[in-house]
Amino acid sequence: MNIKREIFEELNRLGVPANLLGRAYIETALELLMNVPGMGQQIAKKLYPSIAKQYDTTPSRAERAIRHAVEVSWERGDPDTLRAYFGNTVRPTIKPANSEYLCMVARRLAMQMNEGEG
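Basis of the calculations
- Residues numbered from 1 in each chain as written.
- Predicted model: local features only at pLDDT ≥ 70, side-chain atom pairs only at ≥ 80, totals over all residues.
- Heavy atoms only, no water.
- Helix = DSSP H or I, 4+ residues; strand = E, 2+ residues; numbered from the N terminus.
- Buried < 20%, exposed > 50% of the residue type's maximum accessible area, 1.4 Å probe, protein only.
- Polar contact = N/O pair within 3.5 Å; in protein donor to acceptor, adjacent residues only side chain to side chain.
- Contact = heavy atoms within 4.5 Å.
- Axes fitted to C-alpha atoms, helices over the stretch in contact; angles between N-to-C directions.
- Parallel < 35°, antiparallel > 145°, perpendicular 65-115°, else oblique.
- Nonpolar A, V, L, I, M, F, W, Y, C, P; charged D, E, K, R; others polar.

(A) Inspection of the side chain of threonine 28 at higher detail. As for its position among the elements, threonine 28 is in helix α2 (residues 21-35). Looking at threonine 28, the relative accessible area reads 7%, which means it is buried. Engagement of the side chain of threonine 28 in a polar contact is seen with the side chain of tyrosine 55, the distance being 2.7 Å. With residues near it in sequence (within four places) discarded, threonine 28 still touches Ile51, Gln54 and Tyr55.

Structure (structure tokens):
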């Protein structure tokens, strides 16, 4: 399976608009989370700086753009799809933190890709 394609499709299902800069950052973040062990525990220390370096920006701007994309996803995304991803871990009216959103989506993608191999 093509990881970039899977990430693209998952973000479409979650309602993350393709025109947001944060979408590109999320795509990169998900690739890193799926390919670099322990990155999920180093969101602020390693993930944002890695994204910032790749896109020639600052870690705080990368974090803010991701936060905005998560907010848009939470406002515009299909409630049933969001519930399927996040279950009872968050309340429907309160968006998850960036780290929770990224880690949950990365875990779901990894599970789907592992199922596809079997």
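(B) A look at unusual backbone geometry. If you check the backbone angles, aspartate 56 has positive phi at about 55° while not being a glycine. For aspartate 56, the location among the structural elements is in the loop between α3 (43-55) and α4 (59-76). You can call aspartate 56 exposed: its relative accessible area is 73%.

(C) Structural detail: the packing of α2 against α4. Remark: α2 packs on α4, axes separated minimally by 8 Å, with the N-to-C direction vectors making an angle of 105°. As far as their axial angle goes, α4 and α2 are roughly perpendicular. Contacts between α2 and α4 pair Gly22, Arg23, Tyr25 and Ile26 from the former with Arg61, Ala62, Ala65, Ile66, Ala69 and Val70 from the latter. Split into classes, the residues belonging to the contact of α2 with α4 amount to 7 nonpolar, 1 polar and 2 charged.

Everything listed is a geometric property; what it means functionally is a separate question.
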